[in-house]
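# Structural overview
As a plain string of letters, each chain reads:
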Amino acid sequence: MRVPSDREIRDLHAEHAPTSEAFDLVHTHCAIVAGIAEQLLSRRPQAADPELVRAGGLLHDIGVYRLYDRTGKLDYERYVRHGVLGRDLLAEQGYPDALGRFCSCHTGMGITREDIRAQGLPIPPGDYVAESAEEELVMFADKFHSKAGPPVLVSPATVAARLSRFGAEKELRFKALLAKYGEPDLRPFHEEHGHEVV
C-alpha cells in the first residue's frame, strides 16, 4: 500500500475544509496528534509502520469537515459521526480501508456495537475499535489534544477523568495504554502552537 505524503494529505484537507478556520483547526489538530504518535513510537519502537502512523494521525479527523454547514457552523450533536464520515470520504477518494480505519476507529477508546446501542449513537451498528498497532497508537495520541475552543493539550489525568464519564472500562483501557506507551511530552506542542495543557 502506498502511503500518501504529508503534502498530499494537506491538499486533501484543503480540498474538503469548508473554511480556512476549519482547515486551521482540524489540520493543526491532526498534525499535533501525528507528532505525539511519532514521539511515543520513537520512545518505544514496536511492530508499527512509522509512515502509516504519521499518515493515520494526519488523516484521522478529516471527516469533521463533513459536519460543517455552509456558514461554517459545526454540528456538535452529530459529532460522533465524524469517524465514519472520514472513512467514507477517504473511500470515495480511492484510499484503502487501512487508512479509513484511522478515522472510524479513533473516537474515545473505541466505540463498540454495545456502546452504540446503549448510548443511542447516530452511527451504523458495528465495532469501531483500533485493531492494529498503528491504529491503537493514533487513537491513544488523539486523547492528548482537543480541538474544543480554545484548542488545548490534555494531561493524562484530565484524559482519564474525561473518559471515566463513559464507563470505568474506557478509563482502564486508557490507563493500560498509558502504561504501555508512556506519557507524551506535551511541551514541544505547547511551545510550537501555544496551546495550554489542561
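Structure's up top.
Notes on the structure follow.

## Side note on the side chain of Glu136
- With respect to the helices, strands and loops of the structure, Glu136 is situated in helix α7 (residues 133–142).
- Setting aside chain neighbours within four positions, we find Glu136 in contact with Ala130, Arg173, Leu177, Lys180 and Tyr181.

## Regarding the side chain of His13
- Relative to the elements of secondary structure, His13 occurs in helix α1 (residues 6–16).
- For His13, the residues in contact, after removing those within four places along its chain, are Phe23, Val26, His27, Cys30, Leu58, Leu59, Ile62 and Tyr65.

## What to know about unusual backbone geometry
- Cis rather than trans, the peptide bond between Gly149 and Pro150 has omega equal to -15°.
- As for its placement among the helices and strands, Pro150 is situated in the loop between β1 (145–146) and β2 (152–153).

## So, the packing of helix α8 (residues 156–164) against helix α9 (residues 168–181)
- Their axes nearest at 7 Å, the elements α8 and α9 cross at an angle of 155°. Here α9 runs roughly antiparallel to α8, going by the angle between their axes. Packed against α8, whose contacting residues are Pro156, Val159, Ala160, Leu163 and Ser164, the element α9 presents Ala168, Lys170, Glu171, Phe174, Lys175 and Leu178 at the interface.
- Taken together, the residues of the contact of α8 with α9 sort by class into seven nonpolar, one polar and three charged.

## Brief notes about the layout of surface pockets
- Approximately 980 Å³ is the volume attributed to the largest pocket.
- Along its surface, the largest pocket is lined by 33 residues, and Tyr79, Thr107, Gly108, Arg165 and Phe166 are the ones closest to its centre.
- Looking at the lining of the largest pocket, the elements with two or more residues in it are α2 (20–43), α6 (113–119), β1 and α8.
- With three residues, the top contributor of residues to the lining of the largest pocket is α8.
- The residue makeup of the lining of the largest pocket, split by class, is 15 nonpolar, 10 polar and eight charged.

Reading the values: the criteria
Residues numbered from 1 in each chain as written. Predicted model: local features only at pLDDT ≥ 70, side-chain atom pairs only at ≥ 80, totals over all residues. Heavy atoms only, no water. Helix = DSSP H or I, 4+ residues; strand = E, 2+ residues; numbered from the N terminus. Contact = heavy atoms within 4.5 Å. Axes fitted to C-alpha atoms, helices over the stretch in contact; angles between N-to-C directions. Parallel < 35°, antiparallel > 145°, perpendicular 65-115°, else oblique. Nonpolar A, V, L, I, M, F, W, Y, C, P; charged D, E, K, R; others polar. 1 Å grid on protein atoms, 1.4 Å probe; cavity = no way out; pocket = protein on both sides within 12 Å on 5 of 7 lines; lining within 4 Å. Points joined across faces, edges and corners; volume = space filled by probe spheres on them.

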